[in-house]
Amino acid sequence: MESPTATTAPVLARKDLPPDRRDLYTRLDARHTAPLWEVLGKIIPPEPTPDIVPVLWHYDDVRPLLMEAGRLLTAREAERRVLILENPGLRGQSRVTQSLYAGLQLILPGEIAPAHRHAAAALRFIIEGTGAYTAVEGERTVMHPGDFILTPSWTYHDHGNPGEVPVIWLDGLDVPIVNLFDASFRESYPGDSQPHTVPDGDSHARYAANMLPVDWEPARLSSPIFNYPYPRSRETLDTLYRNDAIHPCHGVKMRFINPATGGATMPTIGAFMQLLPKGFQGTAYRATDSTVFAVVEGRGRTRIGDTTYDWSPRDIFVAPSWAWVAHEAAGEAVLFSFSDRPAQKALGLWREQTA
Ligand code: GTQ
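Residues numbered from 1 in each chain as written. Predicted model: local features only at pLDDT ≥ 70, side-chain atom pairs only at ≥ 80, totals over all residues. Heavy atoms only, no water.

Draft legend 1. Spotlight on the layout of surface pockets. Size it by volume and the largest pocket reaches roughly 1100 Å³. What lines the largest pocket is a set of 30 residues, and nearest its centre among them are Gln98, Thr288, Asp340, Gln344 and Leu349. Of all the elements, helix α5 (residues 175–180) adds the most residues to the lining of the largest pocket, at three residues. Looking at side-chain class alone, the lining of the largest pocket contains 15 nonpolar, nine polar and six charged residues. Counted as a void, the second largest pocket has a volume near 520 Å³. In this structure, the second largest pocket is lined by 20 residues; those nearest its centre are Tyr228, Arg232, Thr236, Phe256 and Ile257. Elements with a contribution of two residues or more to the lining of the second largest pocket: α6 (202–207), β12 (227–228), α7 (230–243), β13 (252–255) and β14 (270–276). (1 Å grid on protein atoms, 1.4 Å probe; cavity = no way out; pocket = protein on both sides within 12 Å on 5 of 7 lines; lining within 4 Å. Points joined across faces, edges and corners; volume = space filled by probe spheres on them. Helix = DSSP H or I, 4+ residues; strand = E, 2+ residues; numbered from the N terminus. Nonpolar A, V, L, I, M, F, W, Y, C, P; charged D, E, K, R; others polar.)

Draft legend 2. Up close: the pattern of salt bridges. Under the defined criterion, the tally for this structure stands at 15 salt bridges. Among the ionic pairs, Asp23 bridges to Arg27, the shortest N-O distance being 2.7 Å. Of the two residues, Asp23 and Arg27 are both situated in helix α1 (residues 19–30); the distance of four residues between them amounts to about one turn of the helix. Under the relative-accessibility criterion, Asp23 is labelled partly exposed at 40%. Taking the shortest distance from any N to any O, the salt bridge between Arg234 and Glu332 comes out at 2.8 Å. (Salt bridge = Lys/Arg side-chain N within 4 Å of Asp/Glu carboxyl O. Buried < 20%, exposed > 50% of the residue type's maximum accessible area, 1.4 Å probe, protein only.)

Draft legend 3. Just the environment of Thr302, in detail. Locating Thr302 in the fold gives a position in strand β17 (residues 300–304). Each C-alpha atom of the pair Thr302 and Lys42 lies 30 Å from the other, and the pair is 260 residues apart in sequence. In contact with Thr302, not counting residues within four places along its chain, are Thr307, Thr308, Tyr309, Trp311, Phe317, Val325, Ala326 and His327. In this structure the side chain of Thr302 is engaged in a polar contact, spanning 2.9 Å, whose partner is the side chain of His327. (Contact = heavy atoms within 4.5 Å. Polar contact = N/O pair within 3.5 Å; in protein donor to acceptor, adjacent residues only side chain to side chain.)

Draft legend 4. Looking closely at α7. Between its first and last C-alpha, α7 extends 20 Å over 14 residues, near the 20 Å set by a 1.5 Å rise per residue. Of the residues making up α7, those classed as buried are Tyr230, Ser233, Arg234 and Leu237. Angularly, the buried residues of α7 cover 95° about the axis, an arc narrow enough to put them on a single face. Among the exposed residues of α7, those pointing more than 90 degrees away from its buried face are Pro231, Glu235, Arg242 and Asn243. Those residues of α7 hidden inside the fold are in contact with β12, β13, β14, β16 (291–297) and β21 (333–339). (Expected span 1.5 Å × (residues − 1). Arc of directions from axis to C-beta.)

Purely spatial values, then, with no claim about function.
Written as structure tokens, this is what we have:
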């Protein structure tokens, strides 16, 4: 058998090992084996021990930096002009949570971001500006603030801004999940933008009107709906707020669905929108899906573990797995959020607890 690797096994770095153990562990290491009894509590903890930490990005702090990047390089040069929202607990890993990636993407008037596809699936949540489009498999949708848009796994997509103002959105991708499985593929489309072959609004008519084409069978695991426009989501929350009891933790909270299955919009990432009534003082809950929240409307604050984060529109914050979370709203507020909940549910792992 080959010699041990140059770096010392972490267990051998311990100063307090009795000589006979050290001797055994050295020979274990030489055979690429390791003593489970030294690491069991770490690799199988009794409850989640996330490396990520709670974090909040004030939009007013990061927007100028994104605009500065906009002066420094074009969207075409960058391929995607994005500031990664990197969790301070996982520096250098391009992750917002253990399982998900997030970024803020800017496209300036007159720019395009060239077409490509990748195994990682993406969602877009529009934060600022209008007049830009995103295209998926030949169809375009114009992006408006509050819209929730899908880019399913392995679909060609590009973005363009024929409008007058900068457009900024939040990207959420399942990159760390794809990389956990070492299953990443990516390729460029031959040429900048894919041909615009499908009439605007086609998938909305075909899949988003509580009907499906009579013989339609799903071609992929994600929802066939391309854009979940904000006015419909907002009206739903408003109507249910007037009609329904409010959940003590979540206010009025809805999940976006795949109309063909009733399941989540994508197999790995679930998305949600919730209304917190004016003066709402939520009780605490915790769940195993670390969650990224984007503030759509209103001001409030969220206690995550021991710290309280004050938020206002366009701010983004993260609640780690199994941390206690409690929301409060000053005025009526709307939060968009996304997490790996569908992946956890598919694996039988997801748990939630209320105080
Ligand atoms: O828009 O296709 O934030 O490929 C990261 C990778 C956005 C995109 C990101 C991407 C994209």
